[in-house]
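Summary of structural features
Here is how the chains run, residue by residue.
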Amino acid sequence: MNDTLYDFTVPVFIKSLGGLKTVLAKAKDHGLDEAALLADRLAPDMFPFVKQVQIACDNAKGAAARLAGIDVPKFEDTEATVDELLGRIDKTLAFVESVEKSAFDGAAERTISLPFWNGKHMKGYDYARYYALPNFFFHVTTAYGLVRKNSVTIGKADYINGLPLQEPA
């Protein structure tokens, strides 16, 4: 099997952002005080809920773009409602879904650098497995935890967003 970094990133981002959409929709339907939810944090030194969702989206679109060797689209961090966060997820999904698998040719060896890495870099393979995926899941999980902390009835199935189960042969 000749799997690519595309196969281990883009479909995972799409599936997990779909789960995050489900979690946010359930939070909206729960009738929470949206301003309070968007400002809520798991700990005083952690980013608030709104930022967790923004960063999860930024990680997905950023990783897809960097690994594909294309420009990362810039989204302003202006969301002030759950509906606006759902819109950001939709924008992110639209971008990530638009990235062609063929653009990932050579992604494992592509040099990836981020401004806060102080001039250092990683190759695409290490970037995907040691930074992009763990960081993405950290923020998705933290957003999930904040919704759950606010008494919204969600569970692991919402987070996982389905499994590709098959019937026995």
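Everything discussed here concerns the structure shown above.
Quick notes on the rules
- Residues numbered from 1 in each chain as written.
- Predicted model: local features only at pLDDT ≥ 70, side-chain atom pairs only at ≥ 80, totals over all residues.
- Heavy atoms only, no water.
- Core = buried A, V, L, I, M, F, W, Y, C linked by side-chain atoms within 4.5 Å.
- Buried < 20%, exposed > 50% of the residue type's maximum accessible area, 1.4 Å probe, protein only.
- Helix = DSSP H or I, 4+ residues; strand = E, 2+ residues; numbered from the N terminus.
- Contact = heavy atoms within 4.5 Å.
- Expected span 1.5 Å × (residues − 1).

Time to look at the nonpolar core. Counting residues in each nonpolar core, the largest one holds 48 residues, and the members touching the most others are Leu20, Leu24, Phe49, Val53, Phe104 and Tyr127. Looking at this core, the elements with two or more residues in it are helix H1 (5-30), helix H2 (34-39), helix H3 (49-68), helix H4 (82-98) and helix H5 (124-149). If we ignore the near neighbours within four places in the chain, the residues touching valine 53 are Leu20, Leu24, Leu85, Ile89 and Ala143.

The terminal C-alpha atoms of H4, which comprises 17 residues, lie 24 Å apart, in line with the 24 Å expected from a rise of 1.5 Å per residue. Residues of H4 that are buried: Val82, Leu85, Leu86, Arg88, Ile89, Thr92, Leu93, Phe95 and Val96. Against the buried residues of H4 lie H1, H2 and H3.

With that out of the way, let us pick up the environment of alanine 56. Summarising the element assignment, alanine 56 is placed in helix H3. Residue classification places alanine 56 among the buried residues on the basis of a relative accessible area of 0%. Residues alanine 56 and valine 140, spaced 84 residues apart in sequence, show a C-alpha to C-alpha distance of 5.8 Å.

The next point concerns H1. The end-to-end C-alpha distance of H1 is 37 Å, a good match for the 38 Å that 26 residues give at a rise of 1.5 Å each. Directly beyond the C-terminal end of H1, a positive phi value near 80 degrees is found at glycine 31.

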